[in-house]
Amino acid sequence: MSERKTLVEEVGDVVGSTRRRLRNGTRYLLGLDEPQLGQSPRELVARRDKVHLYRYANDDRRLAPPLLLVMSLVTRPTVFDLQPGNSLIERFCESGFDVFMLDWGEPGPADAENTLETYCDEYLPWAVEATTDATGAAGVTMFGYCFGGFLSFLSVAGNPDMAVENLVVLATPIAPERGPEQLRPGRFASASSFDETGNVPAEAMRTAFITLDPLAEVTTRIDFWRRLDDDDYVLAHKVMTGWGNHHIRFPGATARQLGALFADGRNPIVDRTLQLGGRRVDAANITVPFLSVVGERDHIAPIATSEPLLDLVGSDDKTELRVPAGHVGLFVGRTAAKQCVPGILDWMVAHSREA
Amino acid sequence: MAQDRTPAAMLRQAYEQAVRELGPRLSELTASDGFAEVTEMALAAQARLQQEIERRSRRFLHFWNLPAGSDVTVLRREIGELERQVRDLTKRLEDAARDEGRRP
């Protein structure tokens, strides 16, 4: 009797699985049910050129200073707010922070001449000022991810008077010459690297990331077809590819500038010889509490590329947090929610006060 | 623990084994200077080919008094240049206004 029941169950399982595979496969091929990313409610606080500053709705803003999230120039900032229940911004809001996010926008011909100075000495100080104006706060906690951390780091180092109370950087490759060859600045600085807008095309950026581990792309596709009957997996896959496959153009002048700065394996940031806007920018000028978060399995910005950060800053209060995660897994996914994000939040809450 | 001997599982194991052996070699290859040079050469060749196609199609379209893709590119660049000048002027005005406000 029980054997017969098992057989029925097995048949039922196969039918159910096949039905889900057909449904999910058809929807995927037709491009239906694409998940909406970045759903947390927000308002536009300020805009300058293509740069938008958003403030996230939160009825429980109980911590100060406000938090300013700075994304990389390579991908869209939706990674901070992928889906309800899988959103760093949601976690920050729940913890009581007043969250602002800087969206650089997609560079066009007018942005092709943007240099590091444009971002570090114009846009970031402008965003800090707009944030403090909107909140009445004396300063902000600046939170930069990947190349956004790189820009935040240089901006605070070059503008020590800027109203930044804490600096948090995640997966920040301050020493790219120690990282993967495929992402070295010189690779994007040759004349053939630029498109008709004068920027590095998004496809070139995506290809560079794929070549880090060419078979990972194949494995991801195989896993997807293998687990096509798993609705949760299909959704997670769509969410991650929805963000991860949409790179944006990288500003041409910044690519050329980085290529020149890091030519022949040199690193003027580590050597403390960096000149931006005609003045020396030394990370020793960073004296605010500083947190660097690095992923032990990060193959895009390996630990070695972030290692010099702590020695460079002049802060007395400086911490490196190593977590068992990859580049995106630092704050995306279930493991991040349990293992990585709590450590980051603990530090940030400890360096905040009642609003 | 019994090993899964179904064809799908065996195929998967074979693939994983191949990834373990091939993956690092492929990553090493794409990291090499040679790969970067070949990629650059391919991109340059692609750009030359595209320029040639554009040149021919432009001739044809201009003959019929129609705009070509390259005309749009030129226009986009000029608009970009104008946008940059507007940004620069805006910034100068803001700086001037800030300096004015600071004067006693």
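Residues numbered from 1 in each chain as written. Chains lettered and ligands numbered in written order. Predicted model: local features only at pLDDT ≥ 70, side-chain atom pairs only at ≥ 80, totals over all residues.

## A closer look at the packing of helix α6 (residues 214-226) of chain A against helix α1 (residues 7-31) of chain B
Then, in step 1: Look at α6(A) against α1(B): their axes get within 7 Å of each other, and the N-to-C directions meet at 145°. Seen from α6(A), the contacting residues are P214(A), L215(A), T219(A) and I222(A); seen from α1(B), they are Y15(B), V19(B), L22(B), G23(B), L26(B), S27(B) and T30(B).
Then, in step 2: Considered class by class, the residues forming the contact of α6(A) with α1(B) number 7 nonpolar, 4 polar and no charged. (Axes fitted to C-alpha atoms, helices over the stretch in contact; angles between N-to-C directions. Helix = DSSP H or I, 4+ residues; strand = E, 2+ residues; numbered from the N terminus. Contact = placed C-beta atoms within 7 Å. Nonpolar A, V, L, I, M, F, W, Y, C, P; charged D, E, K, R; others polar.)

## Details of the interface of chain B and chain A
Then, in step 1: In this assembly, 21 residues from chain B lie in contact with 21 residues from chain A.
Then, in step 2: Taken together, the elements giving at least two residues each to the side of chain B that touches chain A come down to α1, α2 (33-63) and α3 (69-102) of chain B.
Then, in step 3: Here the residues of the side of chain B that touches chain A are counted per class, giving 10 nonpolar, 5 polar and 6 charged.

## What to know about the sheet that holds strand β2 (residues 51-56) of chain A
Strand pairs in the sheet, formed through backbone hydrogen bonds, run parallel or antiparallel to each other.
All names here are of chain A.
Then, in step 1: Across the sheet, 8 strands lie side by side as β1-β2-β7-β4-β8-β9-β12-β13; this open sheet has mixed pairing. Among the strands making up the open sheet, the edge pair consists of β1 (42-48) and β13 (318-323). Strand-to-strand twist of the sheet, defined as the mean angle between neighbouring strand axes without regard to direction, takes the value 20°.
Then, in step 2: Where strand β8 (residues 140-145) lies against strand β9 (residues 164-170), 6 bridges are found, and the strand directions are parallel. Each bridged residue has a counterpart across the sheet, and for Y145 the counterpart in β9 is L170.
Then, in step 3: In the packing of helix α4 (residues 147-158) onto the sheet, contacts are made with β4 (67-70), β8 and β9, and the angle to β8 comes to roughly 140°.
Then, in step 4: Each of β8, β9, β12 (290-295) and β13 touches helix α11 (residues 334-350); the most contacted strand, β13, lies at about 170° to it. (Pairing = 2+ DSSP bridges.)

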